[in-house]
2 protein chains.
Amino acid sequence: MRAEGLVRKGAAVTTTPTAVAAGGRDLPHPAREEIRLEDVLHALSDPLRLRIVRELAADGGALSCSHFDLPVTKSTTTHHFRVLRESGVIRQVYRGTTKRNALRREELDGLFPGLLDCLLAAAGRQAVRLGGS
Amino acid sequence: MRAEGLVRKGAAVTTTPTAVAAGGRDLPHPAREEIRLEDVLHALSDPLRLRIVRELAADGGALSCSHFDLPVTKSTTTHHFRVLRESGVIRQVYRGTTKRNALRREELDGLFPGLLDCLLAAAGRQAVRLGGS
DNA sequence: GCCGTACTACGAGGGCTATCGTACGACTCG
DNA sequence: CGAGTCGTACGATAGCCCTCGTAGTACGGC
């Protein structure tokens with residue numbers, strides 16, 4: 001399928017980098033005031049994303065994407081991190097070949113005091129209740 | 001399929017206030033232990049459902065579906081209430097031609113202490129911040 | 001018995017989401 | 001430079017979700 005849209009791209013093509021994802025490699029984050037509760041709840045309503053957030057909170061620092069051993073492919077992992085970033089839950093910063101992911105804890109606490117701790121506590125309780133660690 | 005629709009309580013039913021309450025129509029609710037945090041968060045990630053829950057919490061009692069003036073049709077309203085019920089957020093009981101909707105506050109507080117209050121507070125803060133009521 | 005009210009069931013449409021595979025770009029180290 | 005690692009972009013697929021309209025059921029009152 002896929003018509004032969006690309007013909008040995010490395011050959012005679014101009015190879016202009018288009019700088020779309022190049023350049024400073026900045027990632028779009030919502031401003032603090034733009035974070036919406038519904039988006040945060042939706043982001044955390046996925047088991048995989050909730051697990052990511054729990055691990056980030058447990059570590060307290062910044063972890064790379066590859067640090068997580070998730071039962072999905074890299075593409076899907078990228079997708080989930082993007083959802084978390086665009087909802088304002090985490091902040092992503094490039095650092096060499098890896099990316100550092102960290103909770104936006106202070107901002108979230110400012111917007112919704114106590115919510116993050118309540119959610120993490122609830123998730124932890126449920127994990128214990130369901131036989132998890 | 002409806003072979004069990006023969007409940008027909010019209011006869012000499014005990015009319016216990018708590019059990020079958022006011023009708024032969026029972027609605028399926030998840031047991032307390034079956035309530036999952038992800039489902040609750042997903043249920044509350046919809047603006048309409050979050051609004052319903054806020055009104056229920058503000059009233060503190062049981063409100064009928066038709067009490068809410070939502071910008072959707074009745075079918076959609078039914079759908080949203082069903083999502084809230086099946087996720088364990090609210091309890092629905094028939095009473096005559098109407099249905100009473102109430103938060104399952106005690107059970108939720110038992111499972112996830114403080115979570116509901118945090119969520120309601122966060123929703124209230126956001127409503128104020130966004131110029132709403 | 002009959003009608004109005006309150007809500008449900010079912011089916012359909014349109015959009016979003018989760019997942020994957022493949023191809024590609026950016027960076028580091030030999 | 002070349003190879004390897006880390007992550008992204010794009011296309012595709014399947015499934016879920018929100019919405020609606022129509023038709024139907026249960027209850028209460030006339």
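Residues numbered from 1 in each chain as written. Chains lettered and ligands numbered in written order. Predicted model: local features only at pLDDT ≥ 70, side-chain atom pairs only at ≥ 80, totals over all residues. Heavy atoms only, no water.

Section: the overall build of chain A
No. 1: Along chain A, the regular secondary structure elements total five helices and three strands.
No. 2: The order of helices and strands in chain A, counted from the N terminus, is α-α-β-α-β-β-α-α.
No. 3: Classification of the 133 residues of chain A by burial places 35% in the buried group.
No. 4: Taking as baseline every contact in chain A between residues at least 6 positions apart, the subset at least 24 positions apart corresponds to 60%.
No. 5: Put simply, chain A shows about 8100 Å² of open surface, and 53% of that area lies on carbon and sulfur atoms. (Helix = DSSP H or I, 4+ residues; strand = E, 2+ residues; numbered from the N terminus. Buried < 20%, exposed > 50% of the residue type's maximum accessible area, 1.4 Å probe, protein only. Contact = heavy atoms within 4.5 Å. Areas by Shrake-Rupley, 256 points an atom, 1.4 Å probe, with all protein chains shown as cover.)

What to know about the interface of chain A and chain B
No. 1: Counting residues at the interface gives 25 residues for chain A, matched by 25 residues for chain B.
No. 2: In this assembly, chain A packs against chain B so that about 2200 Å² is buried in total across both faces, 65% of it on carbon and sulfur atoms.
No. 3: For the pair chain A and chain B, the number of links is zero salt bridges.
No. 4: The tally of links from chain A across to chain B stands at eight residue pairs in polar contact (both at pLDDT 80 or more).
No. 5: Of all the elements in the fold, those that place two or more residues in the side of chain A that touches chain B are α1 (37-44), α2 (47-59), α4 (105-111) and α5 (115-129) of chain A.
No. 6: Element by element, the count of residues in the side of chain A that touches chain B is highest for α5(A), at eight residues.
No. 7: In the side of chain A that touches chain B, the residues fall into 15 nonpolar, five polar and five charged. (Buried area = accessible area lost by both parts, 1.4 Å probe. Salt bridge = Lys/Arg side-chain N within 4 Å of Asp/Glu carboxyl O. Polar contact = N/O pair within 3.5 Å; in protein donor to acceptor, adjacent residues only side chain to side chain. Nonpolar A, V, L, I, M, F, W, Y, C, P; charged D, E, K, R; others polar.)

Regarding the relation of the copies chain A and chain B
No. 1: Each copy of the sequence occupies a distinct position, and chain A is placed on chain B by a rotation of 180° and an axial shift of 0.1 Å, giving an RMSD of 0.1 Å. Interpreted geometrically, this transformation is the action of a two-fold axis.
No. 2: When you check the interface residues of chain A against chain B, 100% turn up at the interface there too, and the contact is symmetric in its surfaces. (Least-squares fit on C-alpha atoms with pLDDT ≥ 70 in both.)

As for the side chain of Ser87(B)
Residues and elements named next belong to chain B.
No. 1: Within the secondary structure, Ser87 sits in the loop between α3 (74-86) and β2 (90-95).
No. 2: In terms of polar contacts, Ser87 uses its side chain to reach the backbone carbonyl oxygen of Leu84, at 3.0 Å.
No. 3: Among all residues touching Ser87, those that are not within four sequence positions of it are Pro30, Ile35, Asp39, Val40 and Ala43.

With respect to the sheet that holds strand β1 (residues 63-64) of chain A
All names here are of chain A.
No. 1: Ordered in space as β1-β3-β2, the three strands form an open sheet in which the pairing is antiparallel. Looking at which strands have only one partner, the edges of the open sheet turn out to be β1 and β2 (90-95).
No. 2: Sheet analysis places β2 next to strand β3 (residues 98-103), joined by six bridges and oriented antiparallel. Looking at the pairing, Gln92 lines up with Asn101 of β3.
No. 3: Helix-sheet contacts for α2 involve β1, β2 and β3, and the interaxial angle to β3 is about 85°. (Pairing = 2+ DSSP bridges. Axes fitted to C-alpha atoms, helices over the stretch in contact; angles between N-to-C directions.)

Focus: the protein's contact with DNA strand D
No. 1: Around DNA strand D lies a shell of 24 residues, among which Thr78(A), Lys99(A), Arg49(B), His79(B) and His80(B) are the nearest.
No. 2: For DNA strand D, the fraction of protein-proximal atoms (within 4 Å) that sit in sugar or phosphate groups is 72%.
No. 3: Contacts to DNA strand D include Thr76(B), whose side-chain N or O atom sits 3.0 Å from a phosphate oxygen.
No. 4: Within the side chain of His79(B), an N or O atom sits 2.8 Å from a phosphate oxygen of DNA strand D.
No. 5: Those elements that place two or more of their residues in the surface near DNA strand D are α3 (74-86) and β3 of chain A together with α3 of chain B. (Near = heavy atom within 4 Å.)

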